[in-house]
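The chain contents come next:
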Amino acid sequence: MNLILFGPPAAGKGTQAKRLVDGRGMVQLSTGDMLRAAVASGSALGKRVEGIMAEGGLVSDDIVIALIEERLTEAENAGGAIFDGFPRTLAQAEALDAMLKGRGSRIDMVIRLKVDDAALTDRIAGRFAESGRPDDNPESFKVRLTAYNDQTAPLLPYYEGQKKLTEVDGMGSIEVVAQAIDRALEPVDR
Ligand code: AMP
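Residues numbered from 1 in each chain as written. Predicted model: local features only at pLDDT ≥ 70, side-chain atom pairs only at ≥ 80, totals over all residues. Heavy atoms only, no water.

To continue, consider the site of the ligand. The full set close to the ligand counts 16 residues, and Thr31, Arg36, Gly57, Arg88 and Gln92 are the nearest of them. Note that a nitrogen atom of the ligand is positioned 2.9 Å from one of the side-chain N or O atoms of arginine 88. Contacts to the ligand include glutamine 92, whose side-chain N or O atom sits 2.9 Å from a nitrogen atom. Broken down by element, the residue count for the shell around the ligand peaks at four residues, all from helix 2 (residues 31–41). (Near = heavy atom within 4 Å. Polar contact = N/O pair within 3.5 Å; in protein donor to acceptor, adjacent residues only side chain to side chain. Helix = DSSP H or I, 4+ residues; strand = E, 2+ residues; numbered from the N terminus.)

Further remarks concern the side chain of arginine 144. Structurally, arginine 144 is set in helix 7 (residues 138–152). Relative accessible area serves as the criterion here: at 9%, arginine 144 is assigned to the buried category. A polar contact of 2.8 Å, which involves the side chain of arginine 144, links it to the backbone oxygen of aspartate 135. Within the local environment of arginine 144, its side chain forms a polar contact with the side chain of aspartate 136, the two groups lying 2.9 Å apart. Those residues in contact with arginine 144, other than ones at most four positions away along the chain, are Pro9, Gly56, Arg127, Arg133, Asp135 and Asp136. (Buried < 20%, exposed > 50% of the residue type's maximum accessible area, 1.4 Å probe, protein only. Contact = heavy atoms within 4.5 Å.)

The alternating pattern of strand 3 (residues 81–84) places Ala81 and Phe83 and Ile82 and Asp84 on opposite faces, both of which are buried. Pairing geometry for strand 2 (residues 27–30) and strand 3, over four bridges, is parallel. Within strand 3, the position partnered with valine 27 by the bridge is alanine 81. (Pairing = 2+ DSSP bridges.)

Tallying each qualifying case throughout the model produces twelve salt bridges. For aspartate 33, the salt bridge goes to arginine 36, with nearest N and O atoms at 2.9 Å. Within this pair, aspartate 33 and its partner arginine 36 are both found in helix 2, separated by three residues, close to a single helical turn. For aspartate 33, a relative accessible area of 32% gives the class partly exposed. For the salt bridge of arginine 144 with aspartate 136, the shortest nitrogen-to-oxygen distance reads 2.9 Å. Assigned by exposure class, arginine 144 and aspartate 136 land together as buried. (Salt bridge = Lys/Arg side-chain N within 4 Å of Asp/Glu carboxyl O.)

Below, the structure written as C-alpha cells:
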C-alpha cells in the first residue's frame, strides 16, 4: 500500500508517519528528512538547498523527485511507502503517479490531516524553542504556510478527482489522530 500523508507544516505528518512505520513496517519517505540529512552531511546538494529551506521556500521539483525515485525500490520491498511532505506541487504529484505507474503500482490513499492555521501557529510556537530546525521560527513558518496554501493545497482537487482523498481531523491528541487514521485506512486494509 502506498499512502500520502497530506497537510500543512506542523500538522503532525511526521509523527503519524513514524507510527505507521512502526505498526506496519512500511517505509517513511520524507523529503524534508532527506534534505535535512543532505544539509547535515555538507554535500553539494545540501549546500544548494540549505538557504531555501531555512527561509521556508520550496526546493526545486527535480531535486525532490530524484530523491524519492532513489527510494522507491526499498519502499516496494517493504510493502509500501508513506509519503510525508511529498508531493508538494502538481508537477511532483504527476511525476509520482508516473513513477509508480512505471512500476505497476499506484497511490492507494491520500490522508489529509485537517488543522486550522491559528492552531498551527500555536503548535509551532512550542516547537521553535526546542526543535533546533532553522526553519522553525515565525518568519520562515509564515513562508512555509504560504507555500502550502499557494502550491500544495491545490493538490487536493487533483487527488479528489482520483477519488483517493480522505480527510482526518488533525486537531486532537497524537493518539486520537492515530486512531482516526487507522479507521480511514480500513477500506484499503481489507
Ligand atoms: P518538511 O520537513 O516536510 O516540513 O520540509 C522542510 C523543508 O524542506 C520545506 O520547507 C522545503 O524547503 C523543503 N522540502 C521538503 N519537501 C519538499 C518538497 N516535496 N518540495 C519542495 N521542497 C520540499
